[in-house]
Amino acid sequence: MSMNEHVSSASRQSLASLPGLFNLRARAWAAWKRHRNERVLENLSYDTLKDIGFPSVDDAAHKTEQ
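We now turn to the structure provided with this report. As the structure is a prediction and not an experimental result, all values here were calculated from the model. (Residues numbered from 1 in each chain as written. Predicted model: local features only at pLDDT ≥ 70, side-chain atom pairs only at ≥ 80, totals over all residues. Heavy atoms only, no water.)

Digging into the packing of aromatic side chains
All told, the structure shown has one aromatic pair when counted by the stated rule. Measuring from centroid to centroid gives 5.3 Å for W29 and W32, while their planes differ by 35°, and the two rings are tilted. With W29 and W32 both in helix α1 (residues 3-42), this residue pair falls three residues apart, about one helical turn. (Phe/Tyr/Trp six-rings, centres within 6.5 Å; stacked < 30°, edge-to-face > 60°. Helix = DSSP H or I, 4+ residues; strand = E, 2+ residues; numbered from the N terminus.)

Here it is in C-alpha cells:
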C-alpha cells in the first residue's frame, strides 16, 4: 500500500465518523433544550398550566373511573 492510499483510507475513515459526531452534537443540543423547557414548565403556576392545556390530576382520575 502506498503512502497516498494509506492517507486516503485514513481520511475516508475520519470523514465517515463526522456524521456520528454531528448526530451526537444534535442529540445533546436537543436533550439540553428539552431539559430547559421542562424546567420552565415546572416553574409555571397551576393556573397557567391549566390555561395552556395541561390536564389536571383530577381529570386523569375521572377518566379512569368512567
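A look at the environment of L44
Within the fold, L44 resides in the loop between α1 and α2 (46-51). Look at L44 and you get partly exposed, because its relative accessible area is 31%. In contact with L44, not counting residues within four places along its chain, are L49 and I52. (Buried < 20%, exposed > 50% of the residue type's maximum accessible area, 1.4 Å probe, protein only. Contact = heavy atoms within 4.5 Å.)

Regarding a nonpolar patch on the surface
Together, L41, L44, I52 and F54 give the surface a local cluster of nonpolar side chains, amounting to about 320 Å² of exposed area. Mapped onto the elements of the fold, I52 is located in the loop between α2 and α3 (57-65). (Patch = residues over 30% accessible without salt bridge, like charges linked within 9 Å, V, L, I, M, F, W, Y side chains within 5 Å. Areas by Shrake-Rupley, 256 points an atom, 1.4 Å probe, with all protein chains shown as cover. Salt bridge = Lys/Arg side-chain N within 4 Å of Asp/Glu carboxyl O.)

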